[in-house]
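Residue strings, one per chain:
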Amino acid sequence: MNVGEVMADLRREKELGQKELAAKLNLSIGTISNYENGVHHPDLNTLCRIADLFNVTTDYLLGRTGYRCPPEILKDYIATDYMISSFINMVLSLDQNSQNAITKYAEYLKHTQPKPTKPT
């Protein structure tokens, strides 16, 4: 995928219209449309602003990686003894059936979590 396609997918995921995205980035709707249709590409500064807005890396926007999270998050701990990067490497070392089982279990946990309540 090119940067425009990735950008359009992220915009739709956040349920934003081109007009809303244009306003958030202080760009014209036409510019957003041109980016998404591959007519033009964002300059480096705009690319960084788009990445920040969607909380992804510029590499993700450019299609260079499938990882959406910023690399610095890999150093965070998800448990006392496991950094996120260690956990990812452990999962990647497993066979495909085991990876599928972990994925299904994580999805199960995600859907069984109580919805966060808004402070009153």
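Our structure is the block above this text.
Residues numbered from 1 in each chain as written. Predicted model: local features only at pLDDT ≥ 70, side-chain atom pairs only at ≥ 80, totals over all residues. Heavy atoms only, no water.

Novice: Now, about the packing of helix H2 (residues 18–25) against helix H3 (residues 29–36): what can you tell me, with residues and values included?
Specialist: At their nearest, the axes of H2 and H3 sit 8 Å apart, and the two run at 110° to each other. Judged by the inter-axis angle, H2 sits roughly perpendicular to H3. Mapping the contact onto sequence places Gln18, Lys19, Leu21, Ala22 and Leu25 in H2 and Ile29, Ile32, Ser33 and Glu36 in H3. (Axes fitted to C-alpha atoms, helices over the stretch in contact; angles between N-to-C directions. Helix = DSSP H or I, 4+ residues; strand = E, 2+ residues; numbered from the N terminus. Parallel < 35°, antiparallel > 145°, perpendicular 65-115°, else oblique. Contact = heavy atoms within 4.5 Å.)

Novice: So, the layout of surface pockets: which residues are in play, and what are the values?
Specialist: What the largest pocket holds in volume is close to 330 Å³. For the lining of the largest pocket, the element with the highest residue contribution is helix H6 (residues 84–92), accounting for five residues. When its residues are assigned to classes, the lining of the largest pocket shows ten nonpolar, no polar and no charged. (1 Å grid on protein atoms, 1.4 Å probe; cavity = no way out; pocket = protein on both sides within 12 Å on 5 of 7 lines; lining within 4 Å. Points joined across faces, edges and corners; volume = space filled by probe spheres on them. Nonpolar A, V, L, I, M, F, W, Y, C, P; charged D, E, K, R; others polar.)

Novice: Talk me through a nonpolar patch on the surface; I want residue IDs and the actual numbers.
Specialist: Where nonpolar side chains cluster on the molecular surface, the patch consists of Ile78, Tyr82, Phe87 and Met90 and spans about 340 Å² of accessible area. If you trace the backbone, Tyr82 turns up in strand E2 (residues 82–83). Assessed through its relative accessible area of 37%, Tyr82 is described here as partly exposed. (Patch = residues over 30% accessible without salt bridge, like charges linked within 9 Å, V, L, I, M, F, W, Y side chains within 5 Å. Areas by Shrake-Rupley, 256 points an atom, 1.4 Å probe, with all protein chains shown as cover. Salt bridge = Lys/Arg side-chain N within 4 Å of Asp/Glu carboxyl O. Buried < 20%, exposed > 50% of the residue type's maximum accessible area, 1.4 Å probe, protein only.)

Novice: Tell me about the side chain of Gln99, residues and numbers included.
Specialist: Tracing the sequence through the fold places Gln99 in helix H7 (residues 96–112). A distance of 3.4 Å separates a polar side-chain atom of Gln99 from the backbone oxygen of Leu92. The contact partners of Gln99, leaving out residues within four places of it in the chain, are Val91, Leu92 and Leu94. (Polar contact = N/O pair within 3.5 Å; in protein donor to acceptor, adjacent residues only side chain to side chain.)

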